[in-house]
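Residue-level structural notes
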Amino acid sequence: MVKYEAMKMTMTDGTRLETKVNHANREAIGIVHIFHGMAEHMDRYEPLVDKLNDYGYHVIRHNHRGHGKDINSMRGHFDAIDQVVTDAYEILSTLRKDFSHDLPCIIIGHSMGSIIARQFAQTYPKALQGLILSGTGYFPKWQGYPSVAALKVITLLFGRKKCLDWVNHLVTGRFNKQFKPQRTPSDWISSNRIEVDKYIKDTYSGFNVSNQLVYSVTHSMMKTGELKNIRRMNPHVPVLLLSGKDDPFGENGKGIHRLARQMKKAGIKHVTVQTYPHKRHEVLFDKDYERVWKDMLGWMRRQMI
């Protein structure tokens, strides 16, 4: 069996997206589809992919619109998160045909990818059998509507495709404030300096994103946290929420617990929350990440039984 495949898949609207499939190194027990975060790319997850392959998972991953090394669209921009969700479904439904129909699929979404994964689970409830959200956030309506309205005005005044420094700073710059002294503008993503430096030096990470992308993701974060939309999920699909207790995007652990309570209130039967002291936004690559991976893989294994 071929262990590794890289391709460019053409979506229904003609957009081509970089996609990779890594086959399990042993008898397969499941499929994992990874959704990366904002202003990064799928190749950053290579070490995690190797581990998942060792445990018996085929892994699908792709670069979202406006992300990756070889794109035929504007870097840092997509028109709507609905497009990105549709892309993910198109990729998964196409590639899943190459595997046994009996294999369950677990989606792992990080940061922006976790918001995409939440909307995916609400739009295509039958397409997944497990959901892992890393570094996600909760944005209730009372808090979200003013921000969403302001971002909508910004897109109208300055343009949907404009990538403004100050808008991007509003999104990520404020997360850095709680860490003193500040070594880099990206200290908030990890307490692991090596990983932060790798992110900063990565040509395909850390770029500015468009006004429309920020608006669309923020709006989706708010909407996917509403009870009526969570109830669109398959209530029997187990959910794992992973977060560092020093992750400002997740309100230092508070937001992820609020989201978990909201999910349980909406009728989701199996919701597990796992938070980690002294870890920041990229909990999957922070210090002692092996412990996080072990916990995640153990949870995944239990869901497969």
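Above this note sits the structure.
Rules used in this analysis
- Residues numbered from 1 in each chain as written.
- Predicted model: local features only at pLDDT ≥ 70, side-chain atom pairs only at ≥ 80, totals over all residues.
- Heavy atoms only, no water.
- Helix = DSSP H or I, 4+ residues; strand = E, 2+ residues; numbered from the N terminus.
- Buried < 20%, exposed > 50% of the residue type's maximum accessible area, 1.4 Å probe, protein only.
- Pairing = 2+ DSSP bridges.
- Axes fitted to C-alpha atoms, helices over the stretch in contact; angles between N-to-C directions.
- Contact = heavy atoms within 4.5 Å.
- Arc of directions from axis to C-beta.
- Salt bridge = Lys/Arg side-chain N within 4 Å of Asp/Glu carboxyl O.
- Parallel < 35°, antiparallel > 145°, perpendicular 65-115°, else oblique.
- Left-handed = near helix turned anticlockwise from the far one by under 90°.
- Expected span 1.5 Å × (residues − 1).
- Patch = residues over 30% accessible without salt bridge, like charges linked within 9 Å, V, L, I, M, F, W, Y side chains within 5 Å.
- Areas by Shrake-Rupley, 256 points an atom, 1.4 Å probe, with all protein chains shown as cover.

1. Topic: the environment of Asp-82
Tracing the backbone through its elements, the reader meets Asp-82 in helix H2 (residues 81-95). Of the residues examined, Asp-82 reaches a relative accessible area of 48% and is grouped as partly exposed.

2. Digging into the sheet that holds strand E7 (residues 239-244)
Spatial strand order, E1-E2-E4-E3-E5-E6-E7-E8: eight strands in an open sheet with mixed pairing. One side of each edge strand has no neighbouring strand; the edge strands of this open sheet are strand E1 (4-10) and strand E8 (271-276). Taking each pair of neighbouring strands and ignoring which way they run, the sheet shows an average axis angle of 15 degrees. For strand E3 (residues 30-35) and strand E4 (residues 57-62), the ladder comprises six bridges, and the chain directions are parallel. Looking across to E4, one finds that Phe-35 is bridged to His-62. Running at roughly 175 degrees to E8, helix H9 (residues 254-265) makes contact with strand E6 (130-134), E7 and E8 of the sheet.

3. What to know about helix H1 (residues 46-54)
Looking at H1, one finds that the buried residues are Leu-48, Val-49, Leu-52 and Asn-53. For H1, the arc enclosing every buried residue in end-on projection is 140 degrees, short of the 170-degree limit, so these residues lie on one face. For H1, the secondary structure elements touched by its buried residues are strand E2 (16-22), E3, E4, strand E5 (105-110) and helix H10 (289-304). At the C-terminal side of H1, Gly-56 shows a positive phi close to 100 degrees.

4. As for the pattern of salt bridges
Going through the model one piece at a time under the given rule, you end up with 14 salt bridges. The salt bridge involving Arg-61 is made with Asp-43; its shortest N-O contact spans 3.6 Å. Of this pair, Arg-61 sits in strand E4 while Asp-43 sits in the loop between E3 and H1; the two residues are 18 residues apart in sequence, bridging distant segments of the chain. The exposure class assigned to Arg-61 is buried, which follows from its relative accessible area of 0%. Across the pair Arg-44 and Glu-282 runs a salt bridge whose closest N-O atoms are separated by 2.8 Å. Highlighted residues: Arg-44 in the loop between E3 and H1 and Glu-282 in the loop between E8 and H10, separated in sequence by 238 residues.

5. Quick notes on the pairing of E2
Strand residues, when the strand is regular, have side chains that alternate between the two faces of the sheet. Summarising burial for E2: six of the seven residues are buried, a large majority. Pairing analysis gives seven bridges linking E1 to E2, with the strands arranged antiparallel. The residue bridging Lys-8 from the neighbouring strand is Glu-18, located in E2. What sits between the antiparallel neighbours E1 and E2 is a turn of five residues, in which Gly-14 has the positive phi angle 95 degrees. Here E2 runs beside E4; their pairing, made up of four bridges, is antiparallel.

6. Some remarks on the packing of H2 against helix H3 (residues 112-123)
The relative placement of two packed helices is expressed as an angle between their axes plus a distance between the axes. Close contact between H2 and H3 brings their axes to 9 Å; oriented N to C, the two are set at 70 degrees. Here H2 lies roughly perpendicular to H3, going by the angle between them. Handedness of the H2/H3 crossing: right-handed. Between H2, through Ile-81, Asp-82, Val-84, Val-85, Ala-88, Tyr-89 and Leu-92, and H3, the contact on the second element is made entirely by Ile-115, Ile-116, Gln-119, Phe-120 and Thr-123.

7. Let's talk about H2
Here H2 is 15 residues long and its end C-alpha atoms lie 21 Å apart, about the 21 Å a rise of 1.5 Å per residue gives. Turning to H2, its buried residues number three or more, namely Ile-81, Val-84, Val-85, Asp-87, Ala-88, Glu-90, Ile-91, Leu-92 and Leu-95.

8. Digging into a nonpolar patch on the surface
On the surface, Val-153, Leu-157, Phe-158, Trp-166 and Leu-170 cluster together into a nonpolar patch covering about 530 Å² of accessible area. Looking at the nonpolar patch, the elements with two or more residues in it are helix H4 (141-158) and helix H5 (165-172). Inspection of the secondary structure assignment puts Trp-166 in helix H5. Assessed through its relative accessible area of 42%, Trp-166 is described here as partly exposed.

These figures capture arrangement, not role.
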